[in-house]
Amino acid sequence: MTRFYSIDEANAALPEVERILVALRDQRKELIQMRDRVLDATPDGDETPSAGAAEQIRLLRLGMQGLIDQMQAGVARLVDLDITLRDIASGLIDFPALVSGRPVWLCYRLGEAAVENWHAHDEGFDTRRPLRELPT
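Everything in this summary refers to the structure shown in the same document. (Residues numbered from 1 in each chain as written. Predicted model: local features only at pLDDT ≥ 70, side-chain atom pairs only at ≥ 80, totals over all residues. Heavy atoms only, no water.)

**Some points on the pairing of strand E1 (residues 84–87)**
The side chains of a regular strand alternate, residue by residue, between the two faces of the sheet.
For step 1, the next point in the chain: In the sheet, E1 pairs with strand E2 (residues 92–99) via 3 bridges, with the strands oriented antiparallel. From the neighbouring strand, Leu85 faces E2, where its bridge partner is Ile93.
For step 2, the next point in the chain: Hairpin remark: E1 followed by E2, antiparallel, with 4 residues in the connecting loop; positive phi at Gly91, about 70°. (Pairing = 2+ DSSP bridges. Helix = DSSP H or I, 4+ residues; strand = E, 2+ residues; numbered from the N terminus.)

Spelled out as structure tokens, the structure:
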């Protein structure tokens, strides 16, 4: 069963959620850098990598797996909190809420001071509106 957040509950969850979002954003960036290093170290075509390059690639891949594991744990924590992760790079999430019996999303993006926007359950970020426009 999905938990529904009040605005106050969503804002109260932000300190923990922001830590997770910052970690996910940073881990994603590091994972991309490691992937690029693997690609740079990988020979083109049918060439066999040197022993040193093969070891470097192996260690990078192990590091990548560790980052993926950490990211999965962060995403799992958001799932446990019934928060929907929309975009890691921008730290975009939605909290499920009910307004007059209608499901809506309380929308938050990393760097915002608080949960200040919402959008309909069947809409996305581009249609979000200020909380003062929530229907009553």
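After that view of the structure, there is still more to cover.
**Brief notes about the sheet that holds strand E4 (residues 117–120)**
For step 1, the next point in the chain: Spatially, E1-E2-E3-E4-E5 is the arrangement adopted by the 5 strands of the open sheet, whose pairing is antiparallel. Edge positions in the sheet fall to E1 and strand E5 (129–130), since each of these pairs with one other strand and no more.
For step 2, the next point in the chain: Strand direction decides the pairing type here: E2 and strand E3 (residues 102–109), joined by 8 bridges, are antiparallel. Paired with Ile93 across the two strands is Tyr108, which belongs to E3.

**A word on the nonpolar core**
Across soluble globular proteins, nonpolar side chains show a tendency to be buried alongside one another.
For step 1, the next point in the chain: Counting residues in hydrophobic clusters, the biggest one holds 32 residues, and the most contacted among them are Tyr5, Val17, Ile83, Phe95, Leu106 and Tyr108.
For step 2, the next point in the chain: Elements that contribute at least two residues to this core include exactly helix H1 (7–41), helix H2 (51–80), E2 and E3.
For step 3, the next point in the chain: The element best represented in this core is H1, accounting for 11 residues. (Core = buried A, V, L, I, M, F, W, Y, C linked by side-chain atoms within 4.5 Å. Buried < 20%, exposed > 50% of the residue type's maximum accessible area, 1.4 Å probe, protein only.)

**Description of the environment of Val99**
For step 1, the next point in the chain: Mapped onto the elements of the fold, Val99 is located in strand E2.
For step 2, the next point in the chain: Since its relative accessible area comes to 14%, Val99 is described here as buried.
For step 3, the next point in the chain: As a C-alpha pair, Val99 and Pro15 span 84 residues in sequence and 24 Å in three-dimensional space.
For step 4, the next point in the chain: When residues no more than four places from it in sequence are discounted, the contact partners of Val99 are Val104, Leu134 and Pro135. (Contact = heavy atoms within 4.5 Å.)

**Some thoughts on the pattern of salt bridges**
Two side chains of opposite charge can pair, provided their charged atoms sit close to one another.
For step 1, the next point in the chain: Tallied over the entire structure, the rule returns 7 salt bridges.
For step 2, the next point in the chain: When the shortest N-O distance is used, the salt bridge between Glu55 and Arg58 registers 2.9 Å. With a gap of 3 residues between them, Glu55 and Arg58 both fall in helix H2, about one helical turn apart.
For step 3, the next point in the chain: Taking the relative accessible area as the measure of exposure, Arg58 reaches 42% and is therefore partly exposed.
For step 4, the next point in the chain: Between Glu112 and Arg128 there is a salt bridge; the shortest N-O distance is 2.4 Å. Placement of Glu112 in the loop between E3 and E4 and of Arg128 in the loop between E4 and E5 is noted, with a sequence separation of 16 residues between them.
For step 5, the next point in the chain: The class of Arg128 is buried, set by a relative accessible area of 19%. (Salt bridge = Lys/Arg side-chain N within 4 Å of Asp/Glu carboxyl O.)

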